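Tertiary structure, described
Take a look at the letters that make up each chain.
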Amino acid sequence: YIQAGTVFYPFSNQYYRTLFNLNPEIEKRVNIKKRMLGNDYIGIHIRRSDNLMSVKYSPDELFITEIEKILSQNPHTKFYLATDSEETKAKFITQFGEDTIFCSRNPATRTTLNGIKDATEELFILAGAKKILGSYYSSFSESASIIGNAPLVQVSSKN
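Residues numbered from 1 in each chain as written. Predicted model: local features only at pLDDT ≥ 70, side-chain atom pairs only at ≥ 80, totals over all residues. Heavy atoms only, no water.

To continue, consider the packing of helix α6 (residues 113-127) against helix α7 (residues 139-148). Interaxial distance between α6 and α7 falls to 7 Å at its minimum, and their mutual angle equals 55°. With respect to their mutual orientation, α6 and α7 come out oblique. Judged by the twist between their axes, the crossing of α6 over α7 is right-handed. Mapping the contact onto sequence places Ala119, Glu122, Leu123, Phe124, Leu126 and Ala127 in α6 and Phe140, Ser143, Ala144, Ile147 and Gly148 in α7. (Axes fitted to C-alpha atoms, helices over the stretch in contact; angles between N-to-C directions. Helix = DSSP H or I, 4+ residues; strand = E, 2+ residues; numbered from the N terminus. Parallel < 35°, antiparallel > 145°, perpendicular 65-115°, else oblique. Left-handed = near helix turned anticlockwise from the far one by under 90°. Contact = heavy atoms within 4.5 Å.)

Structure (structure tokens):
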């Protein structure tokens, strides 16, 4: 087991993609959600809880501005929101509606088997998006982008 916030060994994106194989249960859950979203959805990853850099440099307001910009060009765009904050989920659903913002109804947790399965499902749903709006300083956003070869736009006040 190795835990690191930086790359400790050089590898290609293609090699990285080979490291992940979904079990049939999670793959089925991912495919059901992706079919519901269609081919042109945008993934959003908003990291909260213990990632202080993401909280500081990728506030909700920046994501809201990006979503509003996209919806002004295509009002039928669907978004999949992956976040570890129930407050953020509620805020975005209230602001944009359940027909626009889709997300897991389960509370985010890293300490249970179901929580880990839900996070894996979210990672691969994000990976299937045509574009990902991701949090600053988040390897989860970056991993989804690499796995799905989806362009990552880091939503950050540091840009």
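The next point concerns α7. Taken residue by residue, α7 has Ser141, Ser143, Ala144, Ser145 and Ile147 as its buried positions. Buried residues in α7 make contact with α1 (13-18), β1 (42-46), α6, β4 (131-135) and β5 (152-155). One or two positions beyond α7, positive phi appears at asparagine 149, with a value near 55°. (Buried < 20%, exposed > 50% of the residue type's maximum accessible area, 1.4 Å probe, protein only.)

Before going further, it helps to examine the pattern of salt bridges. For the structure on display, the rule yields 14 salt bridges. Here glutamate 121 and arginine 29 are joined by a salt bridge, their closest N and O atoms 2.6 Å apart. With glutamate 121 in helix α6 and arginine 29 in helix α2 (residues 24-37), this residue pair connects regions lying 92 residues apart in the sequence. For the salt bridge of lysine 89 with glutamate 86, the shortest nitrogen-to-oxygen distance reads 3.2 Å. Within this pair, lysine 89 and its partner glutamate 86 are both found in helix α5 (residues 86-96), separated by three residues, close to a single helical turn. When its relative accessible area of 5% is taken as the criterion, lysine 89 is described as buried. (Salt bridge = Lys/Arg side-chain N within 4 Å of Asp/Glu carboxyl O.)

Further remarks concern the packing of aromatic side chains. Evaluated as defined, the whole model comprises six aromatic pairs. One Lys or Arg, lysine 158, reaches over the ring of tyrosine 57 and ends 4.6 Å from the middle of that ring. (Phe/Tyr/Trp six-rings, centres within 6.5 Å; stacked < 30°, edge-to-face > 60°. Lys NZ or Arg CZ within 6 Å of the ring centre and 35° of its normal.)

What follows is about the sheet that holds strand β3 (residues 101-103). Read across the open sheet, the five strands follow the order β3-β2-β1-β4-β5; overall the sheet is parallel. At either end of the open sheet lies a strand with only one pairing partner, and these are β3 and β5. Taken pair by pair, the neighbouring strands of this sheet meet at an average axis angle of 25°, ignoring direction. Each of β1, β2 (79-83) and β4 is contacted by α6, which is oriented at about 145° to β2, the strand it contacts most. (Pairing = 2+ DSSP bridges.)

It is worth spelling out the packing of α2 against α6 at this point. One can describe the packing of α2 onto α6 by two numbers: an axis separation of 9 Å at closest approach and a directional angle of 45°. Our classification of the angle between α2 and α6 gives oblique. Considering how the two elements wind past one another, α2 and α6 form a crossing that is right-handed. When α2 is examined against α6, the residues Glu25, Ile26, Arg29, Val30, Lys33, Lys34 and Leu37 are found in contact with a partner set consisting of Lys117, Asp118, Thr120, Glu121, Phe124 and Ile125. Its residues placed into classes, the contact of α2 with α6 shows five nonpolar, one polar and seven charged. (Nonpolar A, V, L, I, M, F, W, Y, C, P; charged D, E, K, R; others polar.)

With respect to the helices and strands, the residue leucine 71 is situated in helix α4 (residues 60-73). Sequence separation of leucine 71 and threonine 100 is 29 residues, and the distance between their C-alpha atoms is 9.4 Å. When near neighbours in sequence (up to four residues on either side) are disregarded, leucine 71 contacts Thr77, Phe79, Phe96 and Thr100.

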